[in-house]
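Chains, contacts and geometry: an overview
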Amino acid sequence: MVENEQMKAMQEKIQNQEKAEKIWNERKQKNIKKYPIYRMFAWDLLFYYSIIYLFLTIEKGLTPAEALQFDAFYVLFKSILQIPCTILIEKIGKRKSIVIANVILIIHIVIIMASRSFVDLLISQILCAFAFNIKTVCETDMLYDSLEHGEKRGIIFSKIDGKANSIYYYMDAISAIIASFTFVINSYIPLILCMIVLIIAFYFSLQFEEVGLRKKSYTIKEELKNIRYSLRNVFRSKRLRSLLLFNVVFVAMLRFTQTTRNTVLTTIGLPEQYFGIIFAILGIISGIAAKEQGKIHKRYRNHTLAFLAIPMAVSIVFLGFTTLWKIDIHIILPIILVFFIIQYSMKGPYYVLIRQYLNNFTNSEKRIKITTANNLFENLVVSILLFVFSAILENVSISYALLIVGCIMLLLVTWVLEYMRNRVGKPVEEYSKRDLI
């Protein structure tokens, strides 16, 4: 009788475990299914980037240098807020953090529209930095947590994330055209449309399920201590240190070119309504390139990052030379667009590939440590570089600023790629335990 009861209890326990595992797997599958839909609305700000420079300089009266400082402060705030954001994520979980981040982004757009001073704009950037810190840590990691463990996990992740990012680029292309033409009608319309998209992203974020294992709850002092040790371990890894250095250089180039493209087009006298058409075409090119990231990695392997970085740096230098020419817009515009195409082609696959390289040989806990370290290092160093670039732009013309910055970035790219030699791209068995943290 006792044996029967024990057998029955054991069967019930097994059934409960199977039921719990089934529910857990259903949650994961739901996240995998919802992720691409969410990501194409939430990866970045639609209707925003093609007009924000014009909005800041025309509507809010900022100079080109101040517009670059606006971006530099955003990156600096990301660095300052990274640890508080990490603590919040640890306390409330990834799903709730993503929901909160999307609400904060909606508020940040409202503040930009209502701003009456540079201080108001900085407040909006504090909120934006807080939100994107959370999104950077949580969104892709939630997808990674939802995928089955195995050798092909990174490849599957890149395929899903690359497809979602590719769709975003296409949507960004369409939104850029709409934003530019509506900006001419009323400069606030694109930002209102951006806010509507953020509300849609908020709605889809509510449909995610928490799938990360809950860890022991720590005090804030203990959390700060854990983060300090995590950062130390990440930076002791030669492999990760190399990737973090490369990422800083590449992101600095992306952010500098993002702002100066608008300045270049304004300088050559292109009408504002055509900005969107150009950025739409460039966005489509980025989308195609993002979708091809797997083929790029397969073809170039250990030289993939060099393939992306060197053309990006060289294009900045040649843009500087090109804009020095005082020639007809119909001649100079196609030449400038060639360099823009190079930049967008390199940007498209980069974010997917760098996440894949950073996430290799990791689990959920390690990924949070690596992402936190990467965000802290990236945002601090990139913000310093952007402030330096804004000082250059404030004292020289856009042409000479492009030449100076382009040469600086080309030297940095060359140095980092040489530093990475024999530190990145090796089989897992050739790495030391420290390199794999």
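Let me sum up the structure you'll find in this document. (Residues numbered from 1 in each chain as written. Predicted model: local features only at pLDDT ≥ 70, side-chain atom pairs only at ≥ 80, totals over all residues. Heavy atoms only, no water.)

Structural notes on the overall build of the protein chain
How we decide: By the criteria applied, helices consist of DSSP H or I runs no shorter than four residues and strands consist of E runs no shorter than two, each listed in order from the N terminus. Two things to know: the radius of gyration comes from C-alpha atoms, and the globule rule equals 2.2 Å times the number of residues to the power 0.38. A 1.4 Å probe rolled over the protein chains alone gives each residue an accessible area, and that area as a share of the maximum for its type sets the label: buried under 20%, exposed over 50%, partly exposed in between. Throughout, a contact is declared for two residues whenever any of their heavy atoms are within 4.5 Å. Each accessible area is a Shrake-Rupley estimate made with a 1.4 Å probe; only the visible protein chains count as cover when residues are assessed. The charge count treats Lys and Arg as positive and Asp and Glu as negative. His and the chain ends do not count. In plain terms, the charge of a residue is placed at NZ if it is Lys, CZ if Arg, CG if Asp and CD if Glu.
Across its full length, the protein chain holds 15 helices and zero strands. By the compact-globule yardstick of 22 Å for 437 residues, the protein chain fits well, its C-alpha radius of gyration being 23 Å. Projected onto its principal axes, the C-alpha coordinates of the protein chain cover approximately 95 × 50 × 40 Å. Burial statistics for the protein chain: of 437 residues in total, 52% are counted as buried. Summarising the internal contacts of the protein chain: among those between residues at least 6 apart in sequence, 86% fall at separations of at least 24. By element, 63% of the accessible surface of the protein chain is carried by carbon and sulfur atoms, the whole surface being about 20,400 Å². Side-chain charges of the protein chain comprise 51 positive and 33 negative groups, with the mean position of each set lying 3 Å from the other.

Considering the environment of isoleucine 167
Position of isoleucine 167 among the secondary structure elements: in helix α6 (residues 153-185). Look at isoleucine 167 and you get partly exposed, because its relative accessible area is 28%. Once the C-alpha coordinates of isoleucine 167 and tryptophan 415 are considered, the two residues, 248 residues apart in sequence, prove to be 34 Å apart.

Re a positive patch on the surface
The cut-off we apply is this: Patches in this entry comprise residues that are over 30% relatively accessible and not in a salt bridge; like charges within 9 Å are linked, as are nonpolar side chains (Val, Leu, Ile, Met, Phe, Trp, Tyr) within 5 Å. Salt bridges are counted wherever a side-chain nitrogen of Lys or Arg sits within 4 Å of a carboxyl oxygen of Asp or Glu.
Positive charge collects at one region of the surface, where Lys221, Lys225, Arg228, Arg232, Arg236, Lys238 and Arg434 lie side by side. By the element assignment, arginine 228 lies in helix α8 (residues 220-236).

Considering the packing of aromatic side chains
In plain terms, the rule: Between 30 and 60 degrees the pair is tilted, below 30 it is stacked and above 60 it is edge-to-face, where a pair is any two Phe, Tyr or Trp rings, Trp via its six-membered ring, whose centres lie within 6.5 Å.
Here the structure, examined in full by the defined rule, presents 20 aromatic pairs. Arranged with centres 5.2 Å apart and planes meeting at 65°, the rings of phenylalanine 256 and phenylalanine 389 form a pair that is edge-to-face. With phenylalanine 256 in helix α9 (residues 238-267) and phenylalanine 389 in helix α14 (residues 364-395), this residue pair connects regions lying 133 residues apart in the sequence. With a centroid separation of 6.4 Å and 75° between ring planes, the pair formed by phenylalanine 275 and phenylalanine 279 is classed as edge-to-face.

Focus: the packing of helix α10 (residues 275-291) against helix α13 (residues 329-359)
Just so we agree on the cut-off: Axis definition: a line fit to C-alpha positions, over the contact stretch in the case of helices; interaxial angles, taken between N-to-C directions, run 0 to 180 degrees. Two helices crossing with the near one rotated counterclockwise from the far one by less than a right angle form a left-handed crossing, whereas a clockwise rotation gives a right-handed crossing. All amino acids are sorted into three groups, where Ala, Val, Leu, Ile, Met, Phe, Trp, Tyr, Cys and Pro are nonpolar, Asp, Glu, Lys and Arg are charged, and the leftover types, Gly among them, are polar.
At their nearest, the axes of α10 and α13 sit 8 Å apart, and the two run at 35° to each other. In terms of crossing hand, the pair formed by α10 and α13 is right-handed. Packed against α10, whose contacting residues are Ile278, Phe279, Leu282, Gly283, Ile285, Ser286, Ala289 and Ala290, the element α13 presents Leu333, Leu337, Phe340, Ile341, Tyr344, Ser345, Lys347, Gly348 and Pro349 at the interface. Split by residue class, the contact of α10 with α13 holds 12 nonpolar, four polar and one charged.

Focus on the pattern of salt bridges
Within the structure shown, the criterion is met by six salt bridges. Arginine 255 is the partner of aspartate 71 in a salt bridge, and the nearest nitrogen-oxygen pair spans 2.8 Å. With a gap of 184 residues between them, aspartate 71 in helix α3 (residues 64-92) and arginine 255 in helix α9 connect regions that are remote in the sequence. An identical accessibility class is assigned to aspartate 71 and arginine 255; each is buried. A salt bridge links lysine 295 to glutamate 292, with the nearest nitrogen and oxygen atoms 3.3 Å apart. On the accessibility criterion, lysine 295 (60% relative accessible area) is exposed.

What about the side chain of asparagine 31?
Put simply, the rule is: As used in this structure description, the phrase polar contact means that two N or O atoms lie within 3.5 Å; if the pair is within protein, one of them must be able to donate a hydrogen and the other to accept it, and residues adjacent in sequence are counted only when both atoms belong to side chains.
Inspection of the secondary structure assignment puts asparagine 31 in helix α1 (residues 2-42). A relative accessible area of 1% means that asparagine 31 is categorised as buried. A polar side-chain atom of asparagine 31 sits 2.8 Å from the main-chain carbonyl oxygen of glutamate 209. For asparagine 31, the residues in contact, after removing those within four places along its chain, are Met142, Ser146, Phe208, Glu209 and Val211.

Thoughts on the packing of α9 against α13
Applicable threshold: Roughly parallel means an angle under 35 degrees; roughly antiparallel, over 145; roughly perpendicular, 65 to 115; everything else is oblique.
At their nearest, the axes of α9 and α13 sit 11 Å apart, and the two run at 150° to each other. Relative to α13, the element α9 is oriented roughly antiparallel. Pair α9 / α13 crosses with left-handed handedness. Within the contact of α9 with α13, the residues separate by chemical class into 19 nonpolar, three polar and three charged.

Observations regarding the nonpolar core
Soluble globular proteins: nonpolar side chains tend toward being buried together. To be explicit about the condition: The term nonpolar core refers to a set of buried residues drawn from Ala, Val, Leu, Ile, Met, Phe, Trp, Tyr and Cys, joined through side-chain atoms within 4.5 Å.
In this structure, Tyr48, Phe250, Met253, Leu265 and Phe389 are the most contacted members of the largest nonpolar core, which totals 131 residues. Per-element accounting of this core gives the leading share, 15 residues, to α9. Once you skip the residues sitting within four places of it in the chain, phenylalanine 389 turns out to touch Leu68, Ala252, Phe256, Val405 and Met409.

Concerning helix α11 (residues 293-300)
The line we're drawing: What the arc describes is the spread of directions from the helix axis to the C-beta atoms.
Burial in α11 covers these residues: Gln293, Ile296 and His297. Take α11 and look down its axis: the buried residues cluster within an arc of 95°, on one side only. Pointing more than 90 degrees away from the buried face of α11 are the exposed residues Lys295, Lys298 and Arg299. Positive backbone phi, approximately 50°, marks arginine 301, located one or two places after α11.

Some thoughts on the state of the cysteines
Selection rule: Counting rule for disulfides: a pair of cysteine sulfur atoms within 2.5 Å.
A full pass over the atoms with the stated rule returns zero disulfides. Sulfur of cysteine 128: no disulfide; nearest cysteine sulfur belongs to cysteine 194 and is 9.1 Å away. The exposure class assigned to cysteine 128 is buried, which follows from its relative accessible area of 5%.

Observations regarding unusual backbone geometry
Unusually for a residue other than glycine, arginine 301 sits at a positive phi of about 50°. Secondary-structure assignment places arginine 301 in the loop between α11 and α12 (304-324). Non-glycine residue asparagine 422 carries a positive phi angle of around 70°. Structurally, the position occupied by asparagine 422 is in the segment after α15 (398-420).

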